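Spelled out from the first residue to the last, the chains are:
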Amino acid sequence: QVQLVESGGGLVQPGGSLRLSCAASGFTPNYYAAGWFRQAPGKEREGVSCISSNDGNTYYADSVKDRFTISRDNAKNTVYLQMNSLKPEDTAVYYCAAGYECRLLDPRAYHYWGQGTQVTVSS
C-alpha cells in the first residue's frame, strides 16, 4: 500500500531547529513533486514548501522563507524539511504530500498524504 510517514516533530524553544523527515513506500516517489503542509488548531491547512520532481526547483511560503529548507534523497525515498529559527507561530501539525505538480497553494495537486507530525515551539 502507498504510505507516507512523517517523523522528527517535537517540542522546541523559540529560535531552535528541527528536521522533519517523510519516508515513502508503495510507489515511485522520484516521479512526484513533494510538499510540506501544516495545520494549526482552528486554522486552515496551508502550504509550507514544495520541491519539484523534474528540475528540483523549490518553493516556500513567505512566512517560512529564509528559515526553512526542503530537500529530497530519492535513493532513500525520503523528503526532508529543515526548520531553523523557529517561532511560536510555526506550531502546527506538519504533513508531507506527493503529487505530479509542485503547487504550494493547491492541495488538490497532491495524491498521497502522510499522517502528520506535531511541532510545538514554546519556551
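Summary of the structure given here. (Residues numbered from 1 in each chain as written. Predicted model: local features only at pLDDT ≥ 70, side-chain atom pairs only at ≥ 80, totals over all residues. Heavy atoms only, no water.)

### Side note on the packing of aromatic side chains
Within the structure shown, the criterion is met by seven aromatic pairs. Ring geometry for Phe37 and Tyr110: centres 5.1 Å apart, planes at 80°, overall edge-to-face. Within this pair, whereas Phe37 is found in strand S4 (residues 33–39), its partner Tyr110 is found in strand S10 (residues 110–113), the two being separated by 73 residues in sequence. The pair Phe37 / Tyr110 is uniform in exposure class, with both members buried. Ring geometry for Tyr110 and Trp113: centres 6.1 Å apart, planes at 65°, overall edge-to-face. (Phe/Tyr/Trp six-rings, centres within 6.5 Å; stacked < 30°, edge-to-face > 60°. Helix = DSSP H or I, 4+ residues; strand = E, 2+ residues; numbered from the N terminus. Buried < 20%, exposed > 50% of the residue type's maximum accessible area, 1.4 Å probe, protein only.)

### A few points about the pairing of strand S5 (residues 46–51)
Among the six residues in S5, five count as buried, and that is most of the element. Where S4 and S5 come together, five bridges link them in antiparallel fashion. Each residue of the ladder has a partner; that of Ala34, found in S5, is Ile51. Between S4 and S5, which pair antiparallel one after the other, the connecting turn spans six residues, and Gly42 there sits at a positive phi close to 75°. Judged from the three bridges that link them, S5 and strand S6 (residues 58–60) form a sheet pairing that is antiparallel. (Pairing = 2+ DSSP bridges.)

### Considerations on unusual backbone geometry
Within the chain, Asp66 stands out as a residue other than glycine whose phi angle is a positive 75°. Relative to the helices and strands, Asp66 is located in the loop between S6 and strand S7 (68–73). The phi dihedral of Ser85 is positive, around 50°, even though this residue is not glycine. Looking at where Ser85 falls in the secondary structure, it is placed in the loop between strand S8 (78–83) and strand S9 (92–99). For Ser85, a relative accessible area of 42% translates into the label partly exposed.

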